[in-house]
Amino acid sequence: MIQGIFYARFFPEEGTKIVAQSPPGCIVPVPGVTTTKPPLLDYSVLQEYIIPKEAFRNRYITVTDPEGKYSILGFPVSIPSPRYYRNEFIFNFGLVVENDVDQVPYERVVRRLAVTFAEMEKQSGYLSQDVDTAENQARRPIESLLEIIKEDLNNYGECMIPVDDANTINMKLFPHHPTPPEVRGWHVPVAKMKFADIVDPTWDLTLQRVIAHIDGVSDVRRIAFLADVSLDLTQLALRHLLYYDTILLLDMFFFGACYAPRPGIHDFIANVGGMIDECANYVCVSPNSGQAGGSGRGGAGGGDPGTGQGDDDDDYGGAEDVSRNGAIHGHRVSNYMLIKLMTTFCVGKTVMEWLKGHMDSGFDVLRFVDVRRLVQFGVIKGCLYRVHKYVVSKQYLAALATGQARPVAGGDPLQKYTDGCHTFDQIITEQNLTDAEIMEKLKSFPAPVGDLTVLYR
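As a starting point, this report considers the structure included with it. Every value quoted in this text rests on a predicted model; they were computed, and no experiment measured them.

1. Comments concerning the nonpolar core
Next up, step 1: Membership of the largest hydrophobic core comes to 47 residues, with the highest contact counts inside it found for Phe268, Val283, Met342, Trp354 and Leu374.
Next up, step 2: Counting residues per element, the ones that place at least two in this core are α7 (265–269), α8 (275–283), α9 (335–343), α10 (351–360), α11 (365–368), α12 (371–380), α14 (424–431) and α15 (435–443).
Next up, step 3: Contact partners of Trp354, with chain neighbours within four places excluded, come to Leu341, Thr344, Phe345, Lys349, Val365, Val371 and Leu374.
Next up, step 4: Judged by nonpolar contacts, the second largest core, of 36 residues, contains Ile5, Leu73, Val97 and Leu173.

Rendered as structure tokens:
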């Protein structure tokens with residue numbers, strides 16, 4: 001939010017002076033105007049940065065006050081011309097915002113103010129003319145313009161203000177989103193909203209086809225195949241959705257994969273914000289529904305917990321089963337058992353081994369819990385992380401280090417993946433192999449004994 005806006009001008013005899021400001025007194029006190037609030041910052045300290053030295057003119061600058069509470073965003077403009085005293089006219093339109101807000105959206109506003117008023121000054125001397133003349137009394141005062149700009153941008157995020165018969169100030173605040181990460185073929189997109197409620201026929205056709213196959217289970221390559229869209233276009237469409245924070249990317253789910261706890265597991269154990277209840281509604285299934293467990297690539301329909309994208313798995317038809325260790329209470333797994341399930345993932349133990357351990361202890365996990373959803377919930381909430389598998393060849397790394405690694409026609413296709421930078425998920429996706437097939441091929445890999453090492457991290 002804009003805390004203050006001002007127009008400053010450099011006078012050859014008086015120096016830098018605040019000509020107009022909104023709200024009144026936000027930068028310097030206004031003679032004859034009583035305000036209840038003190039100025040936002042100490043103008044005497046920052047005065048030399050309002051109109052800086054020549055090297056900083058005609059460019060975007062930011063200045064932070066000594067207390068670190070506010071920042072001044074400005075674009076000091078210098079217009080050289082023989083019609084001005086000392087052949088130069090210098091001014092600055094600046095915004096004052098809190099130091100911890102995202103300043104990127106306001107940069108365009110500051111630049112637009114500088115460019116617009118610089119052009120108006122070049123055309124008609126809008127800023128340098130005496131406003132007391134009869135010709136200029138009919139025009140809107142700069143104080144009024146600044147007040148409208150500040151209020152409209154704060155309340156509506158945009159403004160369209162007629163200045164005179166020939167000029168209008170049009171500006172809009174656009175939210176700034178960080179550049180999204182690359183979308184790979186082995187990623188699994190999960191929707192964070194119900195696309196069915198917002199998609200309409202005017203959307204890009206490729207985007208519509210891709211969105212129709214985002215189910216929280218299918219990987220990017222599979223979505224491209226089902227949507228009959230090239231992989232590159234599918235990745236581009238998903239990156240667009242990722243930019244607007246409408247999807248998130250997860251890893252493919254395999255029962256042969258490993259997961260381990262993250263520090264966020266403490267919030268799950270403490271049931272912060274009702275996290276365990278949310279987990280129960282997302283992962284528990286009716287014992288007779290036949291939906292628990294799922295296949296090696298996932299079970300029931302996908303979705304992001306807490307966004308309404310999942311299936312209605314919280315309706316179990318009133319079944320009440322009680323296991324011999326008291327894991328099932330009423331319609332869902334008890335909090336104790338959900339905590340036990342979530343905290344027993346560890347490095348070096350696959351999901352299949354984790355599952356077998358609980359079944360051997362007397363709890364039929366697949367009958368009551370969708371394992372894929374449980375893992376997905378843990379990853380999304382920051383309770384679990386995927387332990388990826390990599391293969392490293394000492395011989396290949398040495399060849400890379402010396403620049404001697406060259407692709408060999410007819411060579412082993414797995415060699416390029418043995419530098420420790422490619423996960424097994426990537427190999428599975430690009431080579432159409434299963435984890436077991438990759439391990440089998442590595443046994444016959446043309447390398448000295450002990451050269452290959454499989455790492456988990």
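Let's pick the thread back up.
2. Some details on the packing of α8 against α9
When two helices pack together, their arrangement is given by the angle between the helix axes and by the axis-to-axis distance.
Next up, step 1: In the contact formed by α8 and α9, the axes pass within 10 Å of each other and the chain directions differ by 85 degrees. Regarding the angle of α8 to α9, the classification is roughly perpendicular. In contact with Ile276, Asp277, Cys279, Ala280 and Val283 of α8, α9 contributes Asn335, Leu338, Ile339 and Met342.
Next up, step 2: Among the residues making up the contact of α8 with α9, the classes are represented as seven nonpolar, one polar and one charged.

3. Some details on empty space enclosed by the protein
Next up, step 1: A complete count under the given rule lists two cavities of 30 Å³ or more for this structure.
Next up, step 2: A volume near 140 Å³ is recorded for the largest cavity.
Next up, step 3: Surrounding the largest cavity, 14 residues form its lining, Leu250, Asp251, Met252, Phe253 and Gln376 being those nearest its centre.
Next up, step 4: The set of elements that each furnish at least two residues to the lining of the largest cavity consists of β10 (247–251) and α12.
Next up, step 5: Residue contributions to the lining of the largest cavity peak at four residues, all from α12.
Next up, step 6: The class makeup of the residues in the lining of the largest cavity is eight nonpolar, two polar and four charged.

4. Details of the layout of surface pockets
The method is simple in principle: a probe with the dimensions of a water molecule rolls over the atoms, and the space it marks as empty is what remains.
Next up, step 1: Within this model, the second largest pocket holds a volume of roughly 310 Å³.
Next up, step 2: A per-class count over the lining of the second largest pocket returns nine nonpolar, four polar and two charged.

5. Remarks on the packing of α8 against α12
Next up, step 1: Across the interface, α8 lies against α12 with an axial gap of 9 Å and an inter-helix angle of 145 degrees. Classified by chirality, the crossing of α12 by α8 is right-handed. Contacts from Met275, Glu278, Cys279, Tyr282 and Val283 of α8 reach α12 at Arg373, Leu374, Gln376 and Phe377.
Next up, step 2: Residues that form the contact of α8 with α12 fall into these classes: six nonpolar, one polar and two charged.

Calculation notes
- Residues numbered from 1 in each chain as written.
- Predicted model: local features only at pLDDT ≥ 70, side-chain atom pairs only at ≥ 80, totals over all residues.
- Heavy atoms only, no water.
- Core = buried A, V, L, I, M, F, W, Y, C linked by side-chain atoms within 4.5 Å.
- Buried < 20%, exposed > 50% of the residue type's maximum accessible area, 1.4 Å probe, protein only.
- Helix = DSSP H or I, 4+ residues; strand = E, 2+ residues; numbered from the N terminus.
- Contact = heavy atoms within 4.5 Å.
- Axes fitted to C-alpha atoms, helices over the stretch in contact; angles between N-to-C directions.
- Parallel < 35°, antiparallel > 145°, perpendicular 65-115°, else oblique.
- Nonpolar A, V, L, I, M, F, W, Y, C, P; charged D, E, K, R; others polar.
- 1 Å grid on protein atoms, 1.4 Å probe; cavity = no way out; pocket = protein on both sides within 12 Å on 5 of 7 lines; lining within 4 Å.
- Points joined across faces, edges and corners; volume = space filled by probe spheres on them.
- Left-handed = near helix turned anticlockwise from the far one by under 90°.

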